[in-house]
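Structural description and commentary
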Amino acid sequence: MEITKVLHMNGGVGETSYTNNSSIQRKVTSMTGPIAEEAITALYSSISPSPSTLAIADLGCSTGANALFAVSELIKAVENMRHNNNEPHAYQIFLNDLPGNDFNTVFRTLPKFQKENGRCFFAGVPGSFYDRLFPNKFLHFIHSSYSLQFLSQVPEGIECNKGNISMASTSPPSVIDAYHRQFQNDFLAFLKYRAQELVPGGRMVITFVGRRGKDPWNPEWELLAAAFNEMVSEGLIEEEKVDVFNIPHYKPCPSDVEAEVLKEGSFSINRLEVSGLDWIAIDKEFGQRSNREDEEVGGYGTMRCMRAVAEPMLISHFGEGIMEDLFHRYRLLIIQQIAKEKTELINVTVSLTRRPA
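Residues numbered from 1 in each chain as written. Predicted model: local features only at pLDDT ≥ 70, side-chain atom pairs only at ≥ 80, totals over all residues. Heavy atoms only, no water.

**Quick word on the overall build of the chain**
Applicable threshold: Runs of H or I in DSSP of at least four residues are treated as helices and runs of E of at least two as strands, each being numbered from the N terminus. Here the term buried applies to any residue with accessible area under 20% of the maximum for its type, exposed to any over 50%, and partly exposed to those in between, with areas from a 1.4 Å probe on protein chains only. Note on contacts: a residue pair is in contact if any heavy atoms of the two residues lie within 4.5 Å. Per-residue accessibility takes into account occlusion by the displayed protein chains alone, with areas from the Shrake-Rupley method and a 1.4 Å probe.
Looking only at helices and strands, the chain features 13 helices and seven strands. Across the 357 residues that make up the chain, the buried fraction comes to 57%. In the chain, the share of contacts with a sequence separation of at least 24, taken over all contacts with a separation of at least 6, comes to 83%. On the chain, roughly 15200 Å² of surface is accessible, and the fraction owed to carbon and sulfur atoms is 49%.

**A few points about the environment of Tyr44**
For Tyr44, the position within the fold is in helix H2 (residues 23–46). Overall, Tyr44 belongs to the buried group, its relative accessible area being 7%.

**Considerations on the sheet that holds strand S6 (residues 267–278)**
What counts, and what does not: Two strands pair if DSSP finds at least two bridges between them. The axes are straight lines fitted to the C-alpha atoms, using for helices just the contacting stretch, and the angles between their N-to-C directions are given from 0 to 180°.
Strands sit in the order S3-S2-S1-S4-S5-S7-S6 across an open sheet of seven strands; the sheet is mixed. Either end of the sheet is taken by a strand with one partner, and the two such strands are strand S3 (120–126) and S6. On average, adjacent strands in this sheet sit at an angle of 15° to one another, irrespective of strand direction. Across six bridges, strand S4 (residues 139–145) lies against strand S5 (residues 198–210) in parallel orientation. Residue pairing in the sheet places Ser144 in a bridge with Ile206 of S5.

**With respect to the pattern of salt bridges**
For clarity, the threshold we go by: Any carboxyl oxygen of Asp or Glu within 4 Å of a side-chain nitrogen of Lys or Arg constitutes a salt bridge here.
If you walk through the whole model with that rule in mind, you get 16 salt bridges. One salt bridge connects Arg212 with Glu344, and the closest N-O pair in it is separated by 3.2 Å. One end of the pair, Arg212, is in the loop between S5 and helix H7 (219–233); the other, Glu344, is in strand S7 (residues 344–354), with 132 residues separating them in the sequence. Arg329 is the partner of Asp325 in a salt bridge, and the nearest nitrogen-oxygen pair spans 2.8 Å. You can see Asp325 and its partner Arg329 sitting in helix H13 (residues 323–340), four residues apart, about one turn around the helix. Arg329 gets classed as buried once you look at its relative accessible area, which sits at 12%.

**Brief notes about the packing of aromatic side chains**
Worth spelling out the cut-off: Working definition: rings of Phe, Tyr and Trp (its six-membered ring) pair if their centres are within 6.5 Å, and the pair is stacked with planes under 30 degrees apart, edge-to-face with planes over 60 apart, and tilted otherwise. Each ring is checked for a lysine NZ or an arginine CZ that lies within 6 Å of its centre and within 35 degrees of its normal; such an atom marks a charge sitting over the ring.
Enumeration over the complete set of coordinates arrives at 15 aromatic pairs. Ring centres 5.4 Å apart and planes at 85° place the aromatic pair Phe187 and Phe208 in the edge-to-face group. With Phe187 in helix H6 (residues 173–197) and Phe208 in strand S5, this pair connects stretches of sequence that are 21 residues apart. Its relative accessible area of 0% is what places Phe208 among the buried residues. The interplanar angle of 80° and the centroid separation of 6.0 Å between the aromatic rings of Phe327 and Tyr330 together place this pair among those described as edge-to-face. Taken together, the residues span about one helical turn, with Phe327 and Tyr330 both in helix H13 at a distance of three residues. Both residues of the pair, Phe327 and Tyr330, count as buried. What links up through ring pairs into an aromatic cluster is the set Phe129, Tyr130, Phe183, Phe187, Phe190, Phe208 and Tyr250. Positioned above the aromatic ring of Phe190 is the side chain of Arg194, whose terminal nitrogen or guanidinium carbon lies 4.9 Å from the ring centre.

**Quick look at the pairing of S4**
A regular strand carries its side chains on alternate faces of the sheet. So the rule is basically this: Assignment of crossover handedness uses the view with strands pointing away from the viewer, where a clockwise path from the first strand over the helix to the second indicates a right-handed crossover.
Here S4 lies mainly inside the structure; seven of its seven residues are buried. Two elements, strand S1 (residues 53–59) and S4, share three bridges in a ladder whose sense is parallel. Bridge pairing in S4 places Ile56 opposite Phe141. Handedness of the crossover joining S4 and S5 through H6 is recorded here as right-handed.

**Examining the nonpolar core**
Definition in use: To define a nonpolar core, start from buried Ala, Val, Leu, Ile, Met, Phe, Trp, Tyr and Cys residues and group those joined through side-chain atoms within 4.5 Å.
Of all hydrophobic cores here, the largest spans 37 residues; its most connected members are Leu224, Phe228, Leu314, Phe318, Leu326 and Tyr330. Listed by contribution, the elements that provide at least two residues to this core are H7, helix H10 (279–290), helix H12 (300–318) and H13. Not counting chain neighbours up to four residues away, the residues in contact with Leu326 comprise Leu224, Ala227, Phe228, Met231 and Leu314. Membership of the second largest hydrophobic core comes to 34 residues, among which are Phe134, Ile142, Tyr179 and Leu198.

**What to know about the environment of Trp279**
Within the element layout of this structure, Trp279 appears in helix H10. Separated by 55 residues in sequence, Trp279 and Ile334 place their C-alpha atoms 8.8 Å apart. In this view, Trp279 contacts Pro219, Glu220, Leu223, Thr302, Ile334, Gln337, Ile338, Thr343, Glu344 and Leu345; residues no more than four positions away in its chain are not counted.

**Observations regarding unusual backbone geometry**
One non-glycine residue, Lys137, lies in positive phi territory at about 50°. Relative to the helices and strands, Lys137 resides in the loop between S3 and S4. By relative accessible area, Lys137 is classed as exposed at 51%.

Here it is, written out as structure tokens:
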């Protein structure tokens, strides 16, 4: 799997597009927004004299309205601080994602955004955030939400992860260790490069899809693997094809994040928090948006979000022909899971300050 080509959300504005199936990500941005707003207002207050332009980067911006939602909230937070200040102020916004991202859908919304938000100047920055993206001491603030759980590559040495498509509760310890090492290497590189790109005192807020503790239970991907295994048992997919497929995805727990920040050494931790979003609440929100009754939406919210996120990777390996059947089965497994026990998407959010050089 060539990650830079297939790791992107479903583009466009169709029924299975990320644009129309990313309410979970928007909800999480709202939930964690106060942490980001606290960070950017603290940053703005700490700079003297006040800068005429703030340089903000959103890393892993994806596509659709969510690509600008976090940025708009950050701008509002600063403008609320500046309400008595009539000096001209501008925002330089950099939207980053891998080259396969549907940037065009984002760019089409910019004229309206700029009209509503004043002096905002945008640039797309295609590339991996595990590499350098900006010049030294160039940015004031970095935001990233629901992106860094994706790794730069599938870990090596996980051929024994049969029956799974990610790190899972049934994965051998060697597989879990391999995923953890890949996360350590990737996040350490990410921190090193961002330390070079942020001004001293610059701020960074990151939200991962994560875990509360070390338990490797990974319901979203484990249920998808179960759907694949059903199709294998019915002869619809070759078992070998599933056994050799793994997602470059690691859910860190708070101690994973803290350890790498301390190891890299360029940042101080202001906040490190965990929050959760119940799968049933996700379905209810989907029902309200689609005007469907509760019994019609069971599993749909989580299924459609996962499809928008994972489908390009799955199609690259399995082809497009099985997708409808796969995600129908996946939805039924989600219904069974939420009937059995409370299941949550766990968010790990960290707020960092760049130490003086």
